[in-house]
Amino acid sequence: MNTYIAILRGINVSGTKPIKMEALRLTFQKLGFVNVATYIQSGNVVFTAAETKTSELAAKITGAIKTDFGFDVPVIVLSAAEMQTITRNNPLNDGTRDEAFLHVTFLAESPAAFNFSDIEEKKQGNEEIMISGKVVYLYCPHGYGKTKLTNTFLESKLKVAATTRNWKTCGELLRMAAETGQ
């Protein structure tokens, strides 16, 4: 069995696409996944499964959510090892920045060609952004709620589905995955 982290986009945000975590855990269990645990209400699920292709897992989960709850929810699935690499390799987490303002935008796939200058133009103040493969690292010292480097903006510029988590959530998901994998 392999440990995975599913990150759902856009559930329980301002009353849209409401899913109770208990019901979400049941959906995952019906798919045959075990050790299912959720973290906060925004769609973070740690689980183990025999499958090894994260894209197939994401498609299964997306279909089950459509069936069980009646709406489409983009889902990105990462292995525990991928999450560890993403957090370990964050170039913006070098000890000089307040971790409370670090965020990671997870991309469903590596973006094709894009104009980084168009993205950088949206930076405000001391904001920083770095794109590496299927991950966008963000530092938003005035708060993510005030940045123009939003999830929707990045999706439009990179032409891929994405979902963003703060640094604390990334760390907690990694901790939960490590506990699940033992």
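It should be noted that the structure appears before, not after, this text.
Residues numbered from 1 in each chain as written. Predicted model: local features only at pLDDT ≥ 70, side-chain atom pairs only at ≥ 80, totals over all residues. Heavy atoms only, no water.

Novice: Help me out: how do you make sense of the side chain of Thr 164 in this one?
Specialist: In this structure, Thr 164 sits in strand S8 (residues 162-166). Exposure remark for Thr 164: the relative accessible area of 15% places this residue in the buried category. With residues up to four places along the chain from it excluded, the contact list for Thr 164 reads His 103, Val 104, Thr 105, Tyr 144 and Asn 151. (Helix = DSSP H or I, 4+ residues; strand = E, 2+ residues; numbered from the N terminus. Buried < 20%, exposed > 50% of the residue type's maximum accessible area, 1.4 Å probe, protein only. Contact = heavy atoms within 4.5 Å.)

Novice: Please explain the packing of helix H3 (residues 80-88) against helix H6 (residues 167-180) as it appears in this structure.
Specialist: Two packed helices can be described by the angle between their axes and the distance between those axes. For the pair H3 and H6, interaxial distance at closest approach is 10 Å and the crossing angle is 140 degrees. When the axis of H3 is compared with that of H6, the two are oblique. Every pair of crossing elements has a handedness; the one defined by H3 and H6 is left-handed. Each of Ala 80, Met 83, Gln 84 and Thr 87 in H3 lies in contact with H6, whose residues at this interface are Trp 167, Cys 170, Leu 173, Leu 174 and Ala 177. Of the residues that constitute the contact of H3 with H6, the class distribution is 7 nonpolar, 2 polar and no charged. (Axes fitted to C-alpha atoms, helices over the stretch in contact; angles between N-to-C directions. Parallel < 35°, antiparallel > 145°, perpendicular 65-115°, else oblique. Left-handed = near helix turned anticlockwise from the far one by under 90°. Nonpolar A, V, L, I, M, F, W, Y, C, P; charged D, E, K, R; others polar.)

Novice: Just to check I follow, could you spell out the side chain of Thr 147 for this structure?
Specialist: Within the element layout of this structure, Thr 147 appears in the loop between strand S7 (135-139) and helix H5 (151-158). For Thr 147, the side chain forms a polar contact with the main-chain nitrogen of Leu 149, separated by 3.0 Å. Once you skip the residues sitting within four places of it in the chain, Thr 147 turns out to touch Gln 124, Glu 127 and Cys 140. (Polar contact = N/O pair within 3.5 Å; in protein donor to acceptor, adjacent residues only side chain to side chain.)

Novice: Where do I start with the sheet that holds S7 in this structure?
Specialist: Note: strands within a sheet are paired through backbone hydrogen bonds, in either parallel or antiparallel orientation. Strand order across the open sheet formed by 4 strands is S6-S7-S5-S8, with antiparallel pairing between neighbours. If you trace the sheet from one side to the other, it starts and ends with strand S6 (128-132) and S8, each paired once. Between one strand axis and the next, the sheet turns through 20 degrees on average, direction left out of account. Pairing analysis gives 5 bridges linking strand S5 (residues 102-107) to S8, with the strands arranged antiparallel. Within S8, the residue paired with Thr 105 across the bridge is Thr 164. Of the strands in this sheet, S5, S6, S7 and S8 are in contact with H5, which crosses S8 at around 140 degrees. (Pairing = 2+ DSSP bridges.)

Novice: Would you mind showing me how to read the environment of Glu 155 here?
Specialist: Considering the arrangement of structural elements, one finds Glu 155 in helix H5. A residue is classified by how much of its surface remains accessible, and Glu 155, at 18% relative accessible area, is buried. Along the sequence, Glu 155 and Ser 117 sit 38 residues apart, while their C-alpha atoms lie 15 Å from each other. Not counting residues up to four positions away in its chain, the partners in contact with Glu 155 are Arg 9, Val 160, Ala 161 and Ala 162. A polar atom in the side chain of Glu 155 sits 3.1 Å from the side chain of Arg 9.

Novice: What should I look at first to understand the packing of helix H1 (residues 21-30) against helix H2 (residues 54-69) in this one?
Specialist: Close contact between H1 and H2 brings their axes to 10 Å; oriented N to C, the two are set at 125 degrees. Compared by their axis directions, H1 and H2 come out oblique. Here H1 runs over H2; the crossing is right-handed. Here Ala 23, Leu 24, Thr 27, Phe 28 and Lys 30 of H1 lie close against H2, whose contacting residues are Ile 61, Ala 64, Ile 65, Asp 68 and Phe 69. For the contact of H1 with H2, a count of residues per class yields 7 nonpolar, 1 polar and 2 charged.

Novice: Help me understand the pattern of salt bridges, please; the structure alone is not making it clear to me.
Specialist: A side chain of one charge can pair with a side chain of the opposite charge if their charged atoms are brought near each other. One pass over the full model with this rule turns up 9 salt bridges. In this structure, Asp 72 and Lys 66 form a salt bridge, with 3.8 Å as the shortest nitrogen-oxygen distance. Looking at Asp 72, the relative accessible area reads 47%, which means it is partly exposed. By relative accessible area, Lys 66 is classed as partly exposed at 40%. A salt bridge links Glu 172 to Arg 175; the shortest N-O distance between them is 2.2 Å. In this pair, Glu 172 and Arg 175 are both assigned in helix H6, 3 residues apart and thus about one turn of the helix distant. (Salt bridge = Lys/Arg side-chain N within 4 Å of Asp/Glu carboxyl O.)

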